[in-house]
Amino acid sequence: MARESLGLMQGTVDVLILKTLTWGALHGYGISQLIRTRTDGALAVEDAALYQGLHRLERKGWVSAEWGVSDSNRRAKFYQITRDGRKQLQADVAELRRYVDALFKILQPA
């Protein structure tokens, strides 16, 4: 039986997008598929959240975009992480690690 995707915690979409783009420039569908594949289907970013996130990151200067042609020979916007985006990703990952560490301190048996 296929596992149901986990719900995303608020604020994680940006981190997932930025991290995915460290592996190379991708279009939106490619980002979504890579997140799903790398998490064995546990995480799925809905289209609306993905594109809102991409536009938000582009406005902040953390990703840049350029039109190109996808593998299916369609016009697509390809995104790549910027230097400022890499700095932001480092800060966001550090914050998430602190959060997860604190969460597991509560969840672990006393």
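In what follows, the structure referred to is the one given above.
What this report covers is the structure whose coordinates are included nearby.

Conventions and cut-offs
Residues numbered from 1 in each chain as written. Predicted model: local features only at pLDDT ≥ 70, side-chain atom pairs only at ≥ 80, totals over all residues. Heavy atoms only, no water. Axes fitted to C-alpha atoms, helices over the stretch in contact; angles between N-to-C directions. Helix = DSSP H or I, 4+ residues; strand = E, 2+ residues; numbered from the N terminus. Left-handed = near helix turned anticlockwise from the far one by under 90°. Contact = heavy atoms within 4.5 Å. Nonpolar A, V, L, I, M, F, W, Y, C, P; charged D, E, K, R; others polar. Salt bridge = Lys/Arg side-chain N within 4 Å of Asp/Glu carboxyl O. Buried < 20%, exposed > 50% of the residue type's maximum accessible area, 1.4 Å probe, protein only.

**A short note on the packing of helix α2 (residues 28–38) against helix α3 (residues 47–60)**
Across the interface, α2 lies against α3 with an axial gap of 10 Å and an inter-helix angle of 115 degrees. Read as a crossing pair, α2 and α3 show a hand that is right-handed. In this structure, α2 uses G28, Y29, I31 and S32 to contact α3, whose residues at the interface are L50, Y51 and L54. Residue classes in the contact of α2 with α3 are distributed as five nonpolar, two polar and no charged.

**As for the pattern of salt bridges**
A complete count under the given rule lists two salt bridges for this structure. Notably, a salt bridge pairs R56 with D14, separated by 2.6 Å at the nearest N-O pair. Pair noted here: R56 is in helix α3 and D14 is in helix α1 (residues 12–21), with a separation of 42 residues, a long-range link. Relative accessible area serves as the criterion here: at 27%, R56 is assigned to the partly exposed category. The shortest N-O distance in the salt bridge between E58 and K77 comes to 3.6 Å. Residue E58 is located in helix α3, and its partner K77 is located in strand β3 (residues 75–81); the two are separated by 19 residues in the primary sequence. The class for E58 is partly exposed, based on a relative accessible area of 27%.

Everything listed is a geometric property; what it means functionally is a separate question.
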